[in-house]
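Spelled out, the chains give:
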2 protein chains.
Amino acid sequence: MTLKTLSVTRDLLATNKQAAGAIRQELRARGILGINLLSSPGSGKTTLLEALADRFRGRFRMAVIEGDIETERDAERIRAKGVPAWQITTGGACHLEARMIGRVLGDVPAAIDFLFIENVGNLVCPASFDLGEDLRFVLLSSPEGDDKPAKYPQAFLSADGLILTKADLVPYLPFDPARAAAEALSIKPGLRVFTVSAIRGDGLDALDAYLVETLERLRSGRA
Amino acid sequence: MTLKTLSVTRDLLATNKQAAGAIRQELRARGILGINLLSSPGSGKTTLLEALADRFRGRFRMAVIEGDIETERDAERIRAKGVPAWQITTGGACHLEARMIGRVLGDVPAAIDFLFIENVGNLVCPASFDLGEDLRFVLLSSPEGDDKPAKYPQAFLSADGLILTKADLVPYLPFDPARAAAEALSIKPGLRVFTVSAIRGDGLDALDAYLVETLERLRSGRA
């Protein structure tokens, strides 16, 4: 990386941090818990959001901002669950940035509880960009392998929670959830770990409870 | 993206293209087929290379350059197969660049047939960087989903071949290999498509034959 590239990157991150700070402030003022989901392509971010939409229906109100390079597909899947969703297509860019979220935020209904942001599928670049969320999850699906945390440390280091997805496939794979969790915890001690199968429902009770508890903590902090 | 960022990116790509051209020329002069493997994390690049190492043993000589953000793990797996391997750890960078390959190239034995380059696991950024290879494959594993080509078009557009991996998991997944292939072909007509299970051996005959045929074509073009 040249010095010029380094300095442009630094400017970009500083500008992003500022925009993220404003979003965080606005979400907290509205009593909305912002949640940023990071993972490789195909780790099950959208399927998890579909499952949470089913669980929260009638209990909590959620909305979703979808990030993808191209296509409206993920937002359409979320809307089919009766949940408001906005698709941001980055047109080539490998991550979401705070100002992209800022442009959508005015359209998000004031009376919601959870605002999920599904990042572009990429275990590297999105880790460096704060989107103003109060909770960041990294997802790791069992077919990706339990050796991934040490190979992609920044995503795990920057997260508050790790969601091990596609637990239903573990019997067919050389994947040890305990090894994946231990490696992630060696990078980020205190990381909250959830093991789920969104299509079968395993582990969703614990994740649901943690989200509700974090929402309540955010709101009592505000009060 | 600011104009300044755009211009730095353009400079970076131009510098990379120049370095890639020199590598391509050197590999061709040595009669080595350079192959760049692109995919999401955990799509099975290293497992495929292990399977090819077993198949080529005694028939062809191969070497591998491994790209990862951190850890020497993949190079160790390849060396355990008796194949020379070099690990490039990018320390945060989301893709390999030609000059990183250039720095290793002097150490690669002259008398090899195939030089595989396993890129950093990332379906976005590596697509923009020519590494001087003569053949580029994008891998898509069945657990990632058959909707990925349209969501990550550049990786598919820039590839010569598509390898659908982890075919052994298809019975447990909502994955249609024909749909994935059709979508990839709509982005890049003429893409060669292979469906493999590296751990079970399915589809490796066809891939092996294509690699050998491409090597022969490269050498006869040189002669």
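A brief structural summary.

Definitions and limits used
- Residues numbered from 1 in each chain as written.
- Chains lettered and ligands numbered in written order.
- Predicted model: local features only at pLDDT ≥ 70, side-chain atom pairs only at ≥ 80, totals over all residues.
- Heavy atoms only, no water.
- Pairing = 2+ DSSP bridges.
- Helix = DSSP H or I, 4+ residues; strand = E, 2+ residues; numbered from the N terminus.
- Axes fitted to C-alpha atoms, helices over the stretch in contact; angles between N-to-C directions.
- Contact = heavy atoms within 4.5 Å.
- Buried area = accessible area lost by both parts, 1.4 Å probe.
- Salt bridge = Lys/Arg side-chain N within 4 Å of Asp/Glu carboxyl O.
- Polar contact = N/O pair within 3.5 Å; in protein donor to acceptor, adjacent residues only side chain to side chain.
- Nonpolar A, V, L, I, M, F, W, Y, C, P; charged D, E, K, R; others polar.
- Phe/Tyr/Trp six-rings, centres within 6.5 Å; stacked < 30°, edge-to-face > 60°.
- Buried < 20%, exposed > 50% of the residue type's maximum accessible area, 1.4 Å probe, protein only.
- Arc of directions from axis to C-beta.
- Core = buried A, V, L, I, M, F, W, Y, C linked by side-chain atoms within 4.5 Å.

## Things to note about the sheet that holds strand β1 (residues 33-38) of chain A
All names here are of chain A.
Part 1 of the reasoning: Spatially, the seven strands line up as an open sheet ordered β3-β2-β4-β1-β5-β6-β7, and their pairing is parallel. Sheet topology places β3 (85-89) and β7 (192-195) at the edges, where each strand pairs with a single neighbour. For this sheet, the mean inter-axis angle between neighbouring strands, taken without regard to orientation, is 20 degrees.
Part 2 of the reasoning: When β1 meets strand β4 (residues 114-118), the two strands line up parallel, connected through five bridges. Of the residues in β4, the one forming a bridge with Gly-34 is Leu-115.
Part 3 of the reasoning: Docked against the sheet, helix α4 (residues 98-105) engages β2 (62-68), β3 and β4, running at close to 140 degrees with respect to β3.
Part 4 of the reasoning: Sitting on the sheet, helix α7 (residues 177-187) is in contact with β5 (135-141), β6 (161-165) and β7, with an inclination near 160 degrees to β6.

## As for unusual backbone geometry
When glycine is set aside, most residues are seen to have a negative phi, and most peptide bonds are trans.
Part 1 of the reasoning: A positive phi angle is found at Lys-166 of chain A, which is not glycine, with a value near 60 degrees.
Part 2 of the reasoning: Mapped onto the fold, Lys-166 of chain A is located in the loop between β6 and α7.

## Let's talk about the interface of chain A and chain B
Interfaces are often sized by the amount of accessible area the parts lose when they come together.
Part 1 of the reasoning: Listed by partner, the interface residues are 39 residues for chain A and 39 residues for chain B.
Part 2 of the reasoning: Roughly 3,100 Å² of surface becomes buried between chain A and chain B when both sides are summed, with 59% attributable to carbon and sulfur atoms.
Part 3 of the reasoning: The largest per-residue losses of area from chain A upon contact with chain B belong to Pro-41, Arg-73 and Lys-151 of chain A, which jointly make up 20% of the total buried on that side.
Part 4 of the reasoning: Remark: the boundary between chain A and chain B carries six salt bridges.
Part 5 of the reasoning: Measuring nitrogen to oxygen at the nearest pair gives 2.8 Å for the salt bridge that ties Lys-151 of chain A to Asp-74 of chain B.
Part 6 of the reasoning: Between chain A and chain B we count ten residue pairs in polar contact (both at pLDDT 80 or more) in total.
Part 7 of the reasoning: Among the secondary structure elements, those contributing two or more residues to the side of chain A that touches chain B are α1 (3-30), α3 (73-79), α5 (148-151) and α7 of chain A.
Part 8 of the reasoning: Taken together, the residues that form the side of chain A that touches chain B break down as 16 nonpolar, eight polar and 15 charged.

## Section: the packing of aromatic side chains
Residues and elements named next belong to chain A.
Part 1 of the reasoning: Under the criterion given, the structure shown has 15 aromatic pairs over all chains.
Part 2 of the reasoning: On the numbers, 6.2 Å between centres and 80 degrees between planes, the contact of Phe-137 with Phe-194 is edge-to-face. Remark: Phe-194 occurs in strand β7 and Phe-137 occurs in strand β5; sequence separation between them is 57 residues.
Part 3 of the reasoning: The class of Phe-194 is buried, set by a relative accessible area of 6%.
Part 4 of the reasoning: Relative to Tyr-210, the ring of Phe-137 has its centre 6.2 Å away and its plane inclined at 70 degrees; by these criteria the two rings are edge-to-face. You can see Phe-137 sitting in strand β5 and its partner Tyr-210 sitting in helix α8 (residues 204-222), a full 73 residues away along the chain.
Part 5 of the reasoning: A relative accessible area of 1% places Phe-137 in the buried class.
Part 6 of the reasoning: What makes Tyr-210 buried here is its relative accessible area of 7%.

## Details of α7 of chain A
Part 1 of the reasoning: All buried positions along α7 of chain A are accounted for by Ala-180, Ala-181, Glu-183, Ala-184 and Ile-187 of chain A. Angularly, the buried residues of α7 of chain A cover 165 degrees about the axis, an arc narrow enough to put them on a single face. Exposed residues lying more than 90 degrees from the buried face of α7 of chain A are Ala-178 and Ser-186 of chain A.
Part 2 of the reasoning: Looking at the buried residues of α7 of chain A, the elements they touch are β5, α5, α6 (153-157), β6 and β7 of chain A together with α3 (73-79) of chain B.
Part 3 of the reasoning: Residue Asp-176 of chain A occupies the N-cap position of α7 of chain A, its side-chain oxygen lying 3.0 Å from the main-chain nitrogen of Ala-178 of chain A.

## What to know about the nonpolar core
Nonpolar side chains tend to gather and get buried jointly when the protein is soluble and globular.
Part 1 of the reasoning: One finds Phe-156 and Leu-162 of chain A together with Phe-156 and Leu-162 of chain B to be the most contacted residues of the largest nonpolar core, which totals 45 residues.
Part 2 of the reasoning: When residues of this core are traced back to their parent elements, those giving at least two are β5, α6, β6 and α7 of chain A together with β5 (135-141), α6 (153-157), β6 (161-165) and α7 (177-187) of chain B.
Part 3 of the reasoning: Looking at this core element by element, the count peaks at three residues for α7 of chain A.
Part 4 of the reasoning: When residues no more than four places from it in sequence are discounted, the contact partners of Leu-162 of chain B are Phe-137, Val-138, Leu-140, Phe-156, Ala-181, Ala-184, Leu-191, Arg-192, Val-193 and Phe-194 of chain B.

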